[in-house]
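So the chains spell out like this:
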Amino acid sequence: MVFQESETVELKTIIVDDIKKEIIAFANCEGGKLYIGVRDDSEVIGVDDPDGAALQISNMVCDAIKPDLTMFLHYETLKVEEKSIIAVEIQRGTQRPYYIAKKGLRPEGVYVRQGYSSVPATDTAIRRMIKETDGDSFEEIRSIEQELTFEAAQKEFSERNILFGPIQMKTLGMISQDGIYTNLGLLLSEQCVHTIKAAVFEGTNQSVFKDRKEFSGSLFKQMEEVYDYIDFHNQTRSTFDKLRRIDTRDYPEVAVREALLNSLVHREYSFRASTLISIYSDRIEFTSIGGLVSGVTLKDVLMGISVCRNTKLANIFYRLELIEAYGTGMRKIMNAYEVSGKTPQIETSDNVFKLILPNLNAQTEQKQLSTEDDSQEEKVIQLAKKQGMVTRKKVEKLLEIGQTTSGRLLKKMIKNGQLIQEGKGKTTHYRPCS
């Protein structure tokens, strides 16, 4: 019998720690055979205690390799040249990628066969094996990051007196049946890689930033912090009905809450792009990755049909009483605007879902500003007619406004044909149009 190393054959003289890499590489690829007691040059030297050596390898596989690979290994003692060698047949595993437990699902822990050698797998290869094994459900796929902590999740569960430990995490789908954290676990951990970016703009476009912030960490932490951020910028405006004061917030709190939860629960997490929340003077836009689920139309959504992309994540939010089970979120948003005369808008594409909440006070505020401007202009015209002309300083004193505001007002009145500018520099003055 002639031994020669190849893509599916590895020769070892004795049992060494590196044997784990060879076994993992074969299990992650097309399988192979490992012979113990044979030199690289094919010389058979044998092993003194084949049964003990086989047990040693078996224990090594059980203790140091994850997931469990024992069922894919077959041991046999062969007699060659009157010497005993061990033949270990490794089949291609069904729970790839296999890895060294202490190293985790990283290149230094995952090995593949490349020619006659076992080499670290690339991140891309690891992700491909995970997807091939676990399927397309993002939540159920094993997380590459396994060093996870759950302080925010623990707090959220404990506040509702719900147990949160390894047993519950496995039941919820945060831990797989073989004890590996899933992507669902990653989303709720402090190590979550997905973020929300929020920004406040001046006016109705993105020309001028007033404020911006990025929120990271567990989805529970992001949920709390982003809501507080929006709430801080959700101003209260007052109007009067005779002697009665009526306070109205820019955005109904229930609409903001449901829009935020919708963006957290229904976004497509297999993409790394951040969820965007943009606050303008007349609206808030919630833009998340992932269009409508295949087969669902915008009309279906508005009618209350709920087809969830992340069913396990939605189940956790439901258990925590953050959402309801029957797709009522969108109807709550629409109902919050029912008597306002304004309607939230939804825009979708293949990969994006955008929900737009109109500012309830935007039109009222604009009318107030317009009325105030009209009043100021009338006062300036009356003074100009009375004195024959006005200067900028007289306008500032008359209206009790600053230099910039007075300059803007005078330019507007010139543009509207209410005033004519005469003179230059210190002699500049304005007279009314006849």
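Residues numbered from 1 in each chain as written. Predicted model: local features only at pLDDT ≥ 70, side-chain atom pairs only at ≥ 80, totals over all residues. Heavy atoms only, no water.

**Focus on the sheet that holds strand 9 (residues 196-201)**
Filter applied, for reference: When DSSP finds at least two bridges between two strands, those strands are taken to pair. Numbering of helices and strands runs from the N terminus, with a helix taken as a DSSP run of H or I at least four residues long and a strand as a DSSP run of E at least two residues long. Fitting a line to C-alpha atoms yields each axis, with helices limited to the stretch in contact; the angle taken between N-to-C directions then spans 0 to 180 degrees. By definition in these notes, contact holds between two residues if any of their heavy atoms fall within 4.5 Å.
Strand order in this open sheet of six strands is 10-9-13-14-16-15, and the pairing throughout is mixed. Because the sheet does not close on itself, it has two edges, and the strands there are strand 10 (209-215) and strand 15 (345-348). On average, each strand axis in the sheet is inclined to that of its neighbour by 15°, with strand direction left out of account. Direction of pairing for strand 15 relative to strand 16 (residues 352-358): antiparallel, over a ladder of four bridges. Bridge pairing in strand 16 links Gln 345 to Ile 356. Contacts from helix 7 (residues 219-233) reach strand 9, strand 10, strand 13 (275-279) and strand 14 (283-289), with the element oriented near 165° to strand 10. Set on the sheet, helix 8 (residues 253-265) makes contact with strand 9, strand 13, strand 14 and strand 16; between it and strand 16 the angle comes to about 175°.

**Some words on the packing of aromatic side chains**
By convention here, two paired aromatic rings are described through the distance between centres and the angle between planes. Rule in force here: Ring pairs are drawn from Phe, Tyr and Trp, using the six-membered ring of Trp, whenever the two centres fall within 6.5 Å, and their geometry is named by plane angle: stacked under 30 degrees, edge-to-face over 60, tilted for the rest. Should the NZ of a Lys or the CZ of an Arg lie within 6 Å of a ring centre and within 35 degrees of the ring normal, that charge is described as sitting over the ring.
According to the stated counting rule, one finds ten aromatic pairs in the structure shown. In this structure, Arg 212 is placed above the aromatic ring of Phe 209, and the distance from its NZ or CZ to the ring centre is 3.5 Å. Lying over the aromatic face of Tyr 280, Arg 283 brings its terminal NZ or CZ to 3.8 Å of the ring centre.

**Describing the sheet that holds strand 1 (residues 9-12)**
Strands sit in the order 1-2-5-4 across an open sheet of four strands; the sheet is mixed. The open sheet has two free edges, formed respectively by strand 1 and strand 4 (73-80), since each of these has just one partner strand. When strand polarity is set aside, the average angle formed by the axes of neighbouring strands in this sheet is 20°. When strand 2 (residues 32-36) meets strand 5 (residues 83-90), the two strands line up antiparallel, connected through five bridges. Bridging across to strand 5, Tyr 35 finds its partner in Ala 87.

**Description of the packing of helix 4 (residues 151-158) against helix 7**
For clarity, the threshold we go by: Here is the rule for angles: anything less than 35 degrees is roughly parallel, anything more than 145 is roughly antiparallel, 65 through 115 is roughly perpendicular, and the remaining ranges are oblique. Ten residue types, Ala, Val, Leu, Ile, Met, Phe, Trp, Tyr, Cys and Pro, are classed as nonpolar, four, Asp, Glu, Lys and Arg, as charged, and the remainder, Gly among them, as polar.
With their axes 7 Å apart at the nearest point, helix 4 and helix 7 run at an angle of 75° to one another. Judged on the interaxial angle alone, helix 7 and helix 4 are roughly perpendicular. Listed contacts from helix 7 to Ala 152, Ala 153, Glu 156 and Phe 157 of helix 4 are Phe 220, Lys 221, Met 223 and Glu 224. A breakdown of the residues in the contact of helix 4 with helix 7 according to their chemical character gives five nonpolar, no polar and three charged.

**Quick look at the pattern of salt bridges**
What counts here: Every case where a carboxyl oxygen of Asp or Glu lies within 4 Å of a side-chain nitrogen of Lys or Arg is listed as a salt bridge. Between buried and exposed lies partly exposed: a residue is buried under 20% and exposed over 50% of the maximum accessible area for its type, with that area taken using a 1.4 Å probe on protein chains only.
One pass over the full model with this rule turns up 28 salt bridges. When the shortest N-O distance is used, the salt bridge between Arg 237 and Asp 250 registers 3.2 Å. With a gap of 13 residues between them, Arg 237 in strand 11 (residues 236-241) and Asp 250 in the loop between strand 12 (244-249) and helix 8 connect regions that are remote in the sequence. Since its relative accessible area comes to 3%, Asp 250 is described here as buried.

**With respect to the nonpolar core**
Here is the rule we go by: We call a set of buried residues a nonpolar core when its members are Ala, Val, Leu, Ile, Met, Phe, Trp, Tyr or Cys and they connect through side-chain atoms within 4.5 Å of each other.
Phe 220, Phe 317 and Leu 357 are the most contacted members of the largest nonpolar core, which has 57 residues in total. Considering each element in turn, this core owes the most residues, seven residues, to helix 8. If near-sequence neighbours (up to four positions away) are discounted, Phe 220 is found in contact with Ala 152, Ala 153, Glu 156, Phe 157, Leu 188, Ile 316, Phe 317, Leu 320 and Leu 322.

**Description of the pairing of strand 5**
The buried count for strand 5 comes to six of eight residues, which makes it a mostly enclosed element. Here strand 4 pairs with strand 5 via eight bridges, running antiparallel. Bridge pairing links Lys 79 to Ser 84 in strand 5. In sequence, strand 4 turns back onto strand 5 through a hairpin of two residues, with Glu 81 there showing a positive phi of about 55°.

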